[in-house]
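The lines below spell out each chain.
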Amino acid sequence: MSTTTHRAEPSGPTPRLAVLGTGVMGETVLAGALRAGWPASEVVATVRRPERGEELRERHGVTTTTDNGEAVRGAGLVVVAVKPKDVAALLAQVSEHLGEGAVVVSVVVGLTTRFYEDRLPAGTSVVRVMPNTPSVIGAGVSAVSGGSAASDDDVTLVERLLGQTGLVVRVAEKDQDAVGALSGSGPAYVFYVVDALAEAGVLLGLTRAVARELATATVLGSARMLDETGEHPVILREKVSSPGGTTVAALRALDEGGVRAAFLSALEAARDRSQELAAALEERS
């Protein structure tokens, strides 16, 4: 998979931003935009409940509304962050209100840029994003892909929008389902592994609190070591594995248990399910 990695800097023009849908991911993008230099006065967010709007105004200082059409008027950047089943109806609401040159950003799992292009004015620039949940704490991964009308400048603008939520990687859209299976769902796999390590520690006699602390710190430290050294994981693994030692015995048990094959099957299952869900939405709308 060919990728380009960006750590975007918070500089350059900041067109008016509309965030349609402010659940966890919508608010994460909103907060990241403010850290990336978007003035709160140039950000509007849509909500379903007035009390949620008040909460966002108090926390971030942005304008809120329950009217999606009103939100996109004058916006140069429009983020769609609602549930997949609600996207078609939302696009019908905002299509006639989109300004010329507006860039539409989808953070909705599974839906292609073509899905948006077919429901928006001809020539609308659409950029698809696959974020993950650690974006909430600024340690996420977001993969971005431009649609048929998206220019390089449009995609770069979206990379800058997301730069304060973590790593931003540009990929071909055909690879988005694979990205979703790896980094999109990936935090769940890591949490699964941490839980398994901690449970094993308890089985070996550690207290649950100590086992969890050790497992979490080990995963965090190992990830930092991979990132900071730039070495291949096999090389780092070999440095821990003395011939005939305890780690080699443990790794052999993992191989005998089919752990590597299970991860492959897991990612294939996630990719296939993403494609199935997207196809079902296309058929219904």
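Located above this text is the structure these notes cover.
Residues numbered from 1 in each chain as written. Predicted model: local features only at pLDDT ≥ 70, side-chain atom pairs only at ≥ 80, totals over all residues. Heavy atoms only, no water.

**Here's the deal with the pattern of salt bridges**
Item 1. Summed over all chains, the structure comprises 20 salt bridges.
Item 2. We note a salt bridge from R128 to D177, for which the minimum N-O separation is 3.8 Å. Residue R128 is found in strand β7 (residues 125–130), and its partner D177 is found in helix α7 (residues 176–184); the two are separated by 49 residues along the sequence. Accessibility classification places R128 together with D177 in one group, the buried group.
Item 3. Between K239 and E231 there is a salt bridge, with its nearest N and O atoms 2.9 Å apart.
Item 4. The structure contains a network of salt bridges with shared partners spanning E27, R52, E55 and R59. (Salt bridge = Lys/Arg side-chain N within 4 Å of Asp/Glu carboxyl O. Helix = DSSP H or I, 4+ residues; strand = E, 2+ residues; numbered from the N terminus. Buried < 20%, exposed > 50% of the residue type's maximum accessible area, 1.4 Å probe, protein only.)

**Some points on the nonpolar core**
Item 1. By size, the foremost hydrophobic cluster in this structure holds 29 residues, and its most contacted members are L17, W38, L77, V79 and V158.
Item 2. Elements supplying a minimum of two residues to this core: β2 (17–20), α1 (24–35), β3 (43–46), β5 (77–80), β6 (103–106), β7 and α6 (152–162).
Item 3. In terms of residues, this core owes the most to one element, α6, which gives 5 residues.
Item 4. What V158 contacts, discounting residues up to four positions off in sequence, is L77, V103, V105, V127, V129 and V144.
Item 5. By size, the runner-up hydrophobic cluster in this structure holds 22 residues, among which are A18, V44, A71 and L98. (Core = buried A, V, L, I, M, F, W, Y, C linked by side-chain atoms within 4.5 Å. Contact = heavy atoms within 4.5 Å.)

**Overview of the side chain of H60**
Item 1. Among the structural elements, H60 can be located in helix α2 (residues 50–60).
Item 2. For H60, a relative accessible area of 17% translates into the label buried.
Item 3. Polar side-chain contacts of H60 include one of 2.8 Å to the side chain of E27.
Item 4. Excluding residues within four positions of it along the chain, H60 makes contact with E27, L30, A31, L34 and A40. (Polar contact = N/O pair within 3.5 Å; in protein donor to acceptor, adjacent residues only side chain to side chain.)

**Brief notes about the packing of α7 against helix α8 (residues 186–203)**
Item 1. Relative orientation of the contacting elements α7 and α8 amounts to 30 degrees, with a least axis distance of 5 Å. In terms of axis orientation, α7 runs roughly parallel to α8. Every residue of α8 that contacts α7 at A181, L182, S183 and G184 is listed here: G186, P187 and Y189.
Item 2. Tallied by class, residues from the contact of α7 with α8 come to 4 nonpolar, 3 polar and no charged. (Axes fitted to C-alpha atoms, helices over the stretch in contact; angles between N-to-C directions. Parallel < 35°, antiparallel > 145°, perpendicular 65-115°, else oblique. Nonpolar A, V, L, I, M, F, W, Y, C, P; charged D, E, K, R; others polar.)

**Looking at a nonpolar patch on the surface**
Item 1. Together, Y192, V193, L197, L254, V259 and F263 line one region of the surface with nonpolar side chains, adding up to about 550 Å² of accessible area.
Item 2. For the nonpolar patch, the secondary-structure elements that each account for two or more residues are α8 and α12 (259–284).
Item 3. The element contributing the most residues to the nonpolar patch is α8, with 3 residues.
Item 4. Inspection of the secondary structure assignment puts V259 in helix α12.
Item 5. According to the relative accessible area criterion, V259 is partly exposed, its value standing at 30%. (Patch = residues over 30% accessible without salt bridge, like charges linked within 9 Å, V, L, I, M, F, W, Y side chains within 5 Å. Areas by Shrake-Rupley, 256 points an atom, 1.4 Å probe, with all protein chains shown as cover.)

**Some details on the packing of aromatic side chains**
Item 1. Counted according to the given criterion, the structure contains 2 aromatic pairs.
Item 2. Summarising the aromatic geometry, the rings of F115 and Y116 are spaced 6.0 Å apart at their centres and angled 70 degrees between planes, so their arrangement reads as edge-to-face. As far as burial versus exposure is concerned, F115 and Y116 are alike and both buried.
Item 3. Ring plane angle 75 degrees and centroid distance 6.5 Å describe the contact between Y189 and F263, whose orientation is recorded as edge-to-face. With Y189 in helix α8 and F263 in helix α12, the pair connects residues that are 74 residues apart, well separated along the chain.
Item 4. Exposure remark for F263: the relative accessible area of 37% places this residue in the partly exposed category. (Phe/Tyr/Trp six-rings, centres within 6.5 Å; stacked < 30°, edge-to-face > 60°.)

**A word on α8**
Three or four residues apart is the spacing at which side chains of an α-helix point the same way, because the helix has 3.6 residues per turn.
Item 1. Relative to the 26 Å expected for 18 residues at 1.5 Å per residue, α8 spans 26 Å between its end C-alpha atoms, a close match to the ideal helical length.
Item 2. Taken as a whole, α8 has its buried residues at G186, P187, Y189, V194, A198 and G201.
Item 3. Contacts from the buried residues of α8 go to α7, α9 (208–229) and α12. (Expected span 1.5 Å × (residues − 1).)

**What about the pairing of β6?**
Item 1. Alternating residues of β6 divide into V103 and V105 and V104 and S106, and every residue in both groups is buried.
Item 2. In this sheet, β6 lies alongside β5 in parallel orientation, the contact comprising 4 bridges. In the sheet register, V79 faces β6, and the bridge partner there is V105.
Item 3. Across 4 bridges, the pairing between β6 and β7 is parallel. Across the sheet, the residue bridging to V103 is S125, located in β7. (Pairing = 2+ DSSP bridges.)

Nothing here speaks to function; it is geometry throughout.
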